[in-house]
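Coordinates in review
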Amino acid sequence: MSALFTSAPLWVWPLLAMLLALGLNAMRTRTTPAWPLYGLPLLGVLSLRSVSALEASNWVWGIFALAYALGAVFGLRFQARRILKKAGRKVLLKGEALTLPSVMVLFWANFALGVLSAVAPDVLASLGFQAGFASVLAGVSGSFLGRAAAILRAPRDDG
């Protein structure tokens, strides 16, 4: 079992630490620059890369697109309630506990993909696995797009 963790590339562990810090920081009310929040949808690129590694069929990509859109709608509605103030290039956000599990799902799903490709590649060919994997990654990734859109759409309060 420990070989799973010791065989992982070294860069994986600082990435995990960074994602944990990001998720824990999101749990507190904070003022933050808006630009990093606009960059979070780029996590969707990682999801695209991961699903494309499965050599998924067209219908799996359709599931991916639908789950991404649903995640974006959820993220838009969820984040809109967390924006306390948008002034200049900064945003005051209410703390929330969804970012931590979201980034952990993305991290561990990609970690599991790497492990499965090494120890059980036949699982990756299963249509059920591909559909579930694509749905989870796309939904979470889409939520980050929705969050960025909510911040972009939030009215400015420069007064």
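Residues numbered from 1 in each chain as written. Predicted model: local features only at pLDDT ≥ 70, side-chain atom pairs only at ≥ 80, totals over all residues. Heavy atoms only, no water.

1. Looking at the overall build of the protein
Heads up, the rule is: Numbering of helices and strands runs from the N terminus; a helix is a DSSP stretch of H or I covering at least four residues, while a strand is a stretch of E covering at least two. The classification of residues rests on relative accessible area computed with a 1.4 Å probe and restricted to protein chains. Under 20% of the type maximum is buried, over 50% is exposed, and intermediate values are partly exposed. Surface exposure here means Shrake-Rupley accessible area, sampled with a 1.4 Å probe, where a residue is shielded only by the protein chains that are shown. Counting rule for charge: Lys and Arg are taken as positive, Asp and Glu as negative, and neither His nor the chain ends is counted. Charge positions are represented by NZ for Lys, CZ for Arg, CG for Asp and CD for Glu.
Check the secondary structure of the protein and you find 8 helices and 3 strands. Overall, the protein shows an N-to-C arrangement of helices and strands of α-α-β-α-α-α-β-β-α-α-α. Dimensions of the protein along its principal axes, counting C-alpha atoms only, are 60 × 35 × 20 Å. Per-residue burial over the protein gives 40% buried out of 159 residues. For the protein, the computed accessible surface area is about 8800 Å², with 70% contributed by carbon and sulfur atoms. Here the protein holds 14 positive side-chain charges and 5 negative ones, and the gap between their average locations is 11 Å.

2. Re the packing of helix 4 (residues 43–52) against helix 8 (residues 127–153)
This is how it is decided: Here an angle of 0 to 180 degrees is reported between the N-to-C directions of two axes, which are lines fitted to C-alpha atoms, with helices fitted over the stretch in contact. Should an angle lie under 35 degrees it is considered roughly parallel, over 145 roughly antiparallel, and from 65 to 115 roughly perpendicular; all remaining angles are considered oblique. Each helix crossing is assigned a hand: it is left-handed if the near helix lies turned anticlockwise from the far helix by less than a right angle, otherwise right-handed if that turn is clockwise. Contact definition: two residues touch when any of their heavy atoms are within 4.5 Å. The residue classification treats Ala, Val, Leu, Ile, Met, Phe, Trp, Tyr, Cys and Pro as nonpolar and Asp, Glu, Lys and Arg as charged. All others, Gly included, are polar.
The N-to-C vectors of helix 4 and helix 8 enclose an angle of 165 degrees; their axes lie 8 Å apart at closest approach. Between helix 4 and helix 8, the crossing angle belongs to the class labelled roughly antiparallel. Handedness of the crossing formed by helix 4 with helix 8: left-handed. Residues L43, G44, S47, S50 and V51 of helix 4 touch helix 8, and the partners they reach there are F133, A134, L137, S141 and F144. Of the residues in the contact of helix 4 with helix 8, the class split is 6 nonpolar, 4 polar and no charged.

3. Topic: the nonpolar core
Under the convention used in this document: Residues enter a nonpolar core if they are buried and are Ala, Val, Leu, Ile, Met, Phe, Trp, Tyr or Cys, with the set joined through side-chain atoms within 4.5 Å.
One finds V51, I83 and F133 to be the most contacted residues of the largest nonpolar core, which totals 35 residues. Of all elements in the fold, only helix 2 (12–25), helix 5 (58–80), strand 3 (90–93), helix 6 (99–119) and helix 8 reach the threshold of two or more residues within this core. The element contributing the most residues to this core is helix 6, with 9 residues.

4. Here's the deal with helix 2
Put simply, the rule is: The span one expects for a helix is its residue count, reduced by one, times 1.5 Å. For this quantity, the arc is that covered by the directions from the helix axis to the C-beta atoms.
With 14 residues, helix 2 extends 20 Å from end C-alpha to end C-alpha; this agrees with the ideal 20 Å at 1.5 Å per step. Residues of helix 2 that are buried: V12, L16, L19 and G23. The buried residues of helix 2 occupy an angular sector of 65 degrees when the element is viewed end-on, so they sit on one face. Turned more than 90 degrees off the buried face of helix 2, the exposed positions are P14 and M18. On its buried side, helix 2 packs onto helix 6.

5. A look at the packing of aromatic side chains
Note the threshold: Pairing of aromatic side chains requires ring centres within 6.5 Å, counting the rings of Phe and Tyr and the six-membered ring of Trp. Pairs whose planes differ by under 30 degrees are stacked, by over 60 edge-to-face, and all others tilted. Distance and angle both matter: a charge sits over a ring if NZ of Lys or CZ of Arg is within 6 Å of the ring centre and within 35 degrees of the ring normal.
All told, the structure shown has 8 aromatic pairs when counted by the stated rule. Taken together, a centroid distance of 6.3 Å and an interplanar angle of 15 degrees make the contact between F64 and Y68 stacked. Placement of the pair is F64 and Y68 together in helix 5, with a separation of 4 residues, close to one helical turn. Owing to a relative accessible area of 22%, Y68 belongs among the partly exposed residues under this scheme. Relative to F111, the ring of W108 has its centre 5.2 Å away and its plane inclined at 75 degrees; by these criteria the two rings are edge-to-face. A residue pair is termed a helical-turn pair when its members lie 3 or 4 positions apart in one helix, as W108 and F111 do in helix 6 at 3 residues. Note that R82 overlies the ring of F78, its terminal NZ or CZ placed 3.9 Å from the centroid.

6. Some details on helix 4
Of the positions making up helix 4, those classed as buried are G44, S47, S50 and V51. The arc that holds every buried residue of helix 4, seen down its axis, measures 115 degrees, which confines them to one face. Looking at the buried side of helix 4, the elements it contacts are helix 5, helix 6 and helix 8.

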